[in-house]
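Now for the letters of each chain:
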Amino acid sequence: DWESVPDFCPSLSTLPNNSKCLKTEWKGQPMNIDNDPLINKLHPAEVVLASILRLPCNLYLDSKRRLFAEKVCRLKKGLLFRRTDAQKACRIDVNKASRLFAAYEKIGWLEDSNFKQYL
């Protein structure tokens with residue numbers, strides 16, 4: 001359950017008012033998640049990302065929280081947070097986890113400064 005994972009995610013307010021800022025490439029058609037009951041928990045850019053990666057909202061939220069929880073855990077230990085760490089933390093296909101990592105990195109969500117309050 002995604003709600004049981006601690007929430008260290010950067011604020012959605014830090015995302016630009018642009019639904020394409022997290023866009024990524026993926027094989028196959030995007031999944032329609034317009035009727036997902038948790039869609040209101042996602043920024044419009046996250047809806048695009050989750051749809052492209054074919055992740056229902058609950059699985060996207062779970063992966064996002066696990067990724068940032070691992071980031072904070074590694075920061076506390078003075079360790080780098082790499083793509084492989086993100087892949088191990090998420091309970092989804094490693095290629096999808098890699099795309100999440102890349103999308104978050106692109107918008108600056110993986111910058112250490114976003115997590116100072118948790119250290």
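Above this text you will find the structure in question.
These remarks concern the structure in this document. None of the values given here were measured: they were computed from a predicted structure.

### Describing unusual backbone geometry
The general pattern is negative phi for most residues beyond glycine and trans for most peptide bonds.
Move 1: Unusually for a residue other than glycine, arginine 54 sits at a positive phi of about 60°.
Move 2: The class of arginine 54 is partly exposed, set by a relative accessible area of 38%.

### Some thoughts on the side chain of lysine 64
Move 1: Relative to the helices and strands, lysine 64 resides in helix H2 (residues 57-76).
Move 2: Not counting residues within four places of it along the chain, the set of residues in contact with lysine 64 comprises Cys9, Leu12, Glu46, Tyr104 and Trp109.

### Considering the packing of H2 against helix H4 (residues 94-106)
Move 1: At a closest axis distance of 11 Å, the pairing of H2 and H4 adopts a crossing angle of 65°. In terms of their interaxial angle, H2 and H4 are classed as roughly perpendicular. Note that H2 runs across H4; the crossing there is right-handed. The residues of H4 that touch H2, namely those facing Tyr60, Ser63, Lys64, Leu67 and Phe68, are Leu100, Phe101 and Tyr104.

Conventions we followed
- Chains are numbered independently. Their residues run from 1 in the order of the written sequence.
- Owing to the predicted nature of the model, reporting of local features is limited to residues with pLDDT of at least 70; listing and counting of side-chain atom pairs is limited to 80 or more, with chain, interface and lining totals taken over all residues.
- Only hydrogens and water are set aside when side-chain values are computed; all heavy atoms of the structure are taken into account.
- Summary of the burial criterion: residues with accessible area below 20% of their type's maximum are buried, those above 50% are exposed, and those between are partly exposed, where the area comes from a 1.4 Å probe applied to protein chains only.
- Numbering of helices and strands runs from the N terminus; a helix is a DSSP stretch of H or I covering at least four residues, while a strand is a stretch of E covering at least two.
- Note on contacts: a residue pair qualifies if any of its non-hydrogen atoms lie within 4.5 Å across the two residues.
- Only the stretch in contact is used when a helix axis is fitted, and all axes are lines through C-alpha atoms; the angle between N-to-C directions ranges over 0 to 180 degrees.
- Orientation is classified from the angle alone, with under 35 degrees giving roughly parallel, over 145 giving roughly antiparallel, 65 to 115 giving roughly perpendicular, and any other angle giving oblique.
- Left-handed describes a crossing in which the near helix is turned anticlockwise from the far one by less than a right angle; the clockwise case is right-handed.

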